[in-house]
Amino acid sequence: MKLTIARTALFTALSLASLSPALADQTASPDQRAATMLKRMSLEDMHHMVQSYNDMMALQQQPGGIGAAGYVPALPKLGIPAQQQNDAGIGVHNYPIDQGPGKQPAHVRGEAGNTTPLPSTLAIAATWNPQIAYEGGRMIAGEAHRQGINVLLAGGMNLTREPRDGRTFEYLGEDPLLAARIDGGEIRGIQSQHVISTIKHYALNDQETNRLTVSSNIDERAMRESDLFAFELAIEDGHPGSVMCGYNKVNGVWDCSNKHLLNDILKGDWKYPGWVMTDWGADHGVMDAMAGTDQVSGIDAGSGFSLGQSSSTFGAPLLQAIGKGEIPRGRLEDMVHRILRSMYAVGLFDHPPVIKPLDVEADALVAQRAAEQAIVLLKNEQDQLPLKSDIKTVAIIGSHADVGVLSGGGSAEVWPIGGPAIPAVKGPDWQWKVYDPSSPMKALQKLLPNAKITYDDGTDPAKAAALAKSSDVALVFATQWTCEGVDQPNLSLSDKQDDLIDTVAAANTHTVVVLENGGPVKMPWLSKVNAVVEAWYPGARGGEAIAGVLAGKVNPSGRLPVTFPQDEQQLPRPQITNAQEVDYNIEGAAVGYKWFDKKNLQPLFPFGFGLSYSRFDYSDLHVNTQGKRVTVSFKVSNVGDHAGMDTPQVYVSLPGDSGEAPRRLAGFEKVSLQPGQSRTVSVTIDPRLLATFDVSGHQWKIGAGSYPIQVGHSSRDLALKGEAAVVASTVAP
Ligand code: GLC
């Protein structure tokens, strides 16, 4: 009897296989399914997969386009779905279509394409909470999926070597471990919705000045221990379906033509199984295929519109090269296999997008929770914050704080549900400056119903000062708009905002500054104000999050993911030049706080810093070493009178100054504690954080010795100190 059942089951399986390969394959691995599909594909079918059309203007040269940045039409006879590749990491970008001077842009997907902006990616890093990153990624991918998108070009994580970088807001700060843990969370969240995440821009695309041509020059060891280490850890954590190679060169070789970066390291050492797509126009010739590029992005769909340097790199030239034997057919098969296996692995075949309305309220709450955990309290003297519930008069000054909060510009910009709070302003090129329609003032009024809250736009400092003078407290909102394609000229606030803050602070000693900015800024007025709240670009419910912190409904728990310098002179490169080469060997792997520690510089605010309305103590440090496995445990206690969250940080120093800098972040955990509550935190240090990269030996090398361990409230406030006795060891690259 049993035999009959087994035989029947086998027959059923085989017949399914003949009927619907996709169905029969569902138990097979992504690679097996890709291999099965590949066998059924002709040369033309495979060639079809390795280019995406630029459909940003929905020029409909290719039927089925929905206005995404990259569109690869489906192959229905094979059951291969289309790839709709859309930006990006803060929310689903609705590509703007300029309507001419003085007019608001139209959008490729119209008003129906408006979506929910998260806080900036740097703000998500400031939460130090991979779960928040996961929830954010899950939300934006859910919105993407409901709009027919199955590839998000999200996962930007270039290290903040250059705090004036216009895309700092889109990335995850200056430390490889923090950036990777947050990016891993975002990538997992995105892909949980059957949308492929694309980690970018590989690699060292760390400034916008001359971004299409500049060469990032850096030694192998330094690169491996910094920017590449961030990508390595994030890829291990998140398993992104795709990697985007960047516009720039590394040591004189284009990212997308860079065999060492792509074949040797990404696909060789790290055994990355997914596919490499170019940035839009980052292709430089058909031999990019032999360097490790698998797909050229955004080619001309027949309209003459493309961002491509040469929009046919993988077009006829690729077929010709294969025909001549210059490129093996097997390479094309590998390119397509990588694309297919990611599509299977993330569920693009089995869970195609279903167009439906967005869950706007639920999605906005995800953004609000993230913003509430991202806000960093930088200064709070005389217990200025939280505002007392019986406060009578409040002045709110500047930055359209009566109606909205600022967001960043470029491909990461999100045109919000309901449209911007005020008419968007055109940026230097194709970017738009958008205020999300979330009013700090209205939100604060709800939390302080008995207070008289008055807004002044701040354009006339004397008038603003008069209002401040007549108020119990003055809240000055200051902004720094940053965008893709342009770096900041300096770290100063623009448009005389420093003067406005000075003037208001002179009129009211109870002045609070709220910052909405893309990255670190200077604060010449810092000593004159009582409190500073770093709100970043706080997203769809940024007003509610800011008000929650100001009124004490939310206990701030953000910690800086980037160092705030005193001024530009403290940076490895005091000026950004127009040179076509940038020398990252000045700091090497000592990026951000590591540079400040190495040079013994005092920053304005250090990496990892953030205040709370409560206080947290650390105690009972234990360091346990078993070979190259070092586990650090300690107790965190809330010794204040507010419930709150804290992020104790574990730093490690290599013995005998053998590291790139005095210390490295080696672990962290965000904990939530009631007053009087304690918790034991345990962190196991990745052995590569005890190592240096041994280029000649092509391995991570751990030296024997005593490794100082520190547990801190920030990189400069190290409360507990211990040691780990480590034996010599190695880790494969
Ligand atoms: C842009 C950006 C990249 C983006 C792509 C598609 O130039 O560098 O991050 O995903 O083009 O818009």
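Each chain carries its own residue numbering, running from 1 in the written order of its sequence. The predicted nature of this model means local features are confined to residues of pLDDT at least 70 and side-chain atom pairs, given and counted, to a pLDDT of 80 or more, with totals for whole chains, interfaces and linings taken over all residues. The side-chain figures draw on all heavy atoms in the structure; neither hydrogens nor water molecules are used.

Short version of the rule: UniProt positions are given in the numbering used here, feature names are shortened, and annotations may be inferred rather than shown by experiment.
Looking at an unreviewed UniProt entry, the chain carries the name Glycosyl hydrolase, with the source organism given as Dyella acidisoli. Word for word, the UniProt comment on the chain under Sequence similarities (unreviewed entry) is "Belongs to the glycosyl hydrolase 3 family."

**Quick word on the overall build of the chain**
Defined as follows: Helix and strand definitions here come from DSSP, where helices need a minimum of 4 consecutive H or I residues and strands a minimum of 2 consecutive E residues; each element is numbered from the N-terminal end. C-alpha atoms define the radius of gyration in this analysis, and the globule rule sets the expected value at 2.2 Å times the number of residues to the power 0.38. Using a 1.4 Å probe on the protein chains alone, a residue whose accessible area is under 20% of its type maximum counts as buried, one over 50% counts as exposed, and one in between counts as partly exposed. Contact criterion: two residues are considered in contact whenever any of their non-hydrogen atoms come within 4.5 Å of each other. Residue burial considers only the protein chains on display, and all accessible areas are found by Shrake-Rupley using a 1.4 Å probe.
Along its length, the chain carries 19 helices and 36 strands. A globule of 733 residues ought to have a C-alpha radius of gyration of about 27 Å, and the chain, at 26 Å, matches this closely. Its C-alpha atoms give the chain principal-axis dimensions of roughly 80 × 65 × 65 Å. When burial is assessed residue by residue, the chain has 62% of its 733 residues classed as buried. Restricting to contacts in the chain with at least 6 residues of sequence separation, those with at least 24 account for 76%. Accessible area for the chain stands at about 25,500 Å²; split by element, carbon and sulfur atoms hold 54% of it.

**Considering the state of the cysteines**
Which entries qualify depends on this criterion: The disulfide criterion used throughout: a pair of cysteine sulfur atoms within 2.5 Å.
Inspection of every chain in the model, using the stated rule, returns one disulfide. Each sulfur of the disulfide joining Cys245 and Cys256 lies 2.2 Å from the other. A torsion of 110 degrees about the S-S bond marks the disulfide between Cys245 and Cys256 as right-handed. Separated by 11 residues along the polypeptide, Cys245 in strand E9 (residues 242-245) and Cys256 in the loop between strand E11 (253-254) and helix H10 (259-269) bring together distant segments of the chain. Exposure remark for Cys256: the relative accessible area of 0% places this residue in the buried category.

**What to know about the site of the ligand**
The cut-off we apply is this: By convention in this text, a residue qualifies as near a molecule or strand provided that one of its non-hydrogen atoms is within 4 Å of it. Any N or O atom pair separated by 3.5 Å or less is treated as a polar contact, with the protein-specific requirement of one donor-capable and one acceptor-capable atom, and with residues adjacent in sequence counted only for side-chain atom pairs. Note on residue categories: nonpolar means Ala, Val, Leu, Ile, Met, Phe, Trp, Tyr, Cys or Pro, charged means Asp, Glu, Lys or Arg, and polar means any other residue, Gly included.
In the neighbourhood of the ligand, 13 residues make up the surrounding shell, with Asp87, Arg167, His201, Tyr247 and Asp279 lying closest. Here an oxygen atom of the ligand and a side-chain polar atom of Arg167 are 2.8 Å apart. Within the side chain of Tyr247, a nitrogen or oxygen atom sits 2.6 Å from an oxygen atom of the ligand. Protein chains shield 96% of the accessible area of the ligand, which is 310 Å² for the free molecule. Among the residues forming the shell around the ligand, the class breakdown is five nonpolar, two polar and six charged.

**Some words on the nonpolar core**
Worth spelling out the cut-off: Throughout, nonpolar core names a set of buried Ala, Val, Leu, Ile, Met, Phe, Trp, Tyr and Cys residues whose side chains join them through atoms within 4.5 Å. Domain limits in this description derive from either an automatic procedure or a database domain assignment.
Grouped together as the largest cluster of nonpolar side chains are 121 residues, with contacts concentrated most on Met41, Ile80, Tyr202 and Leu340. With eight residues, the single largest contributor to this core is helix H13 (residues 329-346). Taken together, domain 1 (47-72 + 82-346) and domain 3 (614-731) each give at least three residues to this core, which thus spans both. By size, the runner-up hydrophobic cluster in this structure holds 34 residues, among which are Ala123, Val476, Val504 and Val513.

**Some remarks on the UniProt feature "domain: Fibronectin type III-like" (unreviewed entry) in the chain**
The feature "domain: Fibronectin type III-like" (unreviewed entry), as annotated in UniProt, sits at residues 646-715 in this numbering. Secondary structure content for residues 646-715 is 0% helix and 54% strand, while the C-alpha to C-alpha distance between its ends is 14 Å.

**Side note on the sheet that holds strand E8 (residues 215-217)**
Test applied: If DSSP finds at least two bridges between two strands, the strands pair.
Overall, mixed pairing links the four strands, which are arranged E11-E10-E8-E24 in an open sheet. With one partner strand each, in any of the chains shown, E11 and strand E24 (581-583) form the two edges of the open sheet. Pairing geometry for E8 and strand E10 (residues 249-250), over two bridges, is parallel. Bridge pairing in E10 links Ser216 to Val250.

**Observations regarding the packing of helix H16 (residues 461-469) against helix H17 (residues 497-507)**
Rules: Angles run from 0 to 180 degrees between N-to-C directions of axes, and those axes are lines fitted to C-alpha atoms, restricted for helices to the stretch in contact. Working definition: roughly parallel below 35 degrees, roughly antiparallel above 145 degrees, roughly perpendicular at 65 to 115 degrees, and oblique for all remaining angles. By definition, any crossing whose near helix is turned counterclockwise from its far helix by less than a right angle is left-handed, and any crossing with a clockwise turn is right-handed.
Remark: H16 packs on H17, axes separated minimally by 8 Å, with the N-to-C direction vectors making an angle of 30 degrees. With respect to H17, the element H16 is oriented roughly parallel. Both H16 and H17 take part in a crossing whose hand is right-handed. Along the contact surface, H16 presents Pro461, Ala464, Ala465, Ala468 and Lys469, while H17 presents Leu500, Thr503, Val504 and Ala507.

**A short note on the packing of aromatic side chains**
Convention followed: Only rings of Phe, Tyr and Trp enter the pairing, Trp through its six-membered ring, and a pair is recorded when the two centres are within 6.5 Å. The plane angle decides the type: under 30 degrees is stacked, over 60 is edge-to-face, the rest tilted.
Evaluated as defined, the whole model comprises 13 aromatic pairs. When the centroid spacing of 5.2 Å and the interplanar angle of 50 degrees are considered together, the rings of Phe229 and Trp700 count as tilted. With Phe229 in helix H9 (residues 227-238) and Trp700 in strand E33 (residues 699-702), this residue pair connects regions lying 471 residues apart in the sequence. Relative accessible area serves as the criterion here: at 3%, Phe229 is assigned to the buried category.

**Concerning unusual backbone geometry**
Geometrically, the link from Lys200 to His201 is a cis peptide bond, its omega value of -5 degrees lying close to zero. Topologically, His201 is positioned in strand E7 (residues 196-202). Cis geometry marks the peptide bond from Leu385 to Pro386; its omega dihedral reads -5 degrees. Turning to its location among the elements, Pro386 is positioned in the loop between strand E14 (376-380) and strand E15 (393-397).

**A look at the side chain of Gln85**
As for its placement among the helices and strands, Gln85 is situated in strand E3 (residues 83-86). At a separation of 2.9 Å, a polar atom in the side chain of Gln85 contacts the side chain of Gln83. Beyond its immediate chain neighbours, meaning those up to four positions away, Gln85 contacts Ser52, Ala68, Ala69, Gly70, Val72, Tyr95, Val151, Leu153, Trp275, Met277, Trp280 and Gln295.

**Describing the pattern of salt bridges**
Opposite charge on two side chains makes pairing possible when the charged atoms of those side chains draw close. To keep things clear, this is the line we draw: We define a salt bridge as a contact between a side-chain nitrogen of Lys or Arg and a carboxyl oxygen of Asp or Glu at a distance within 4 Å.
Within the structure shown, the criterion is met by 42 salt bridges. Note that Lys594 and Glu660 form a salt bridge whose closest N and O atoms lie 3.3 Å from each other. Of this pair, Lys594 sits in helix H19 (residues 593-598) while Glu660 sits in the loop between strand E28 (649-652) and strand E29 (664-668), placing them 66 residues apart in sequence. With respect to burial, Lys594 and Glu660 carry one shared label: buried. Among the salt bridges present, the one from Arg679 reaches Glu669, with a minimum N-O distance of 2.6 Å. Linking Arg679 in strand E31 (residues 678-685) with Glu669 in the loop between E29 and strand E30 (671-673), this pair joins segments that are 10 residues apart in sequence. Judged by relative accessible area, Arg679 falls into the partly exposed class, the value being 34%. Overall, the relative accessible area of 24% leaves Glu669 in the partly exposed class. Each of Arg161, Asp206, Asp227, Arg573 and Glu587 takes part in one network of salt bridges that share partners.

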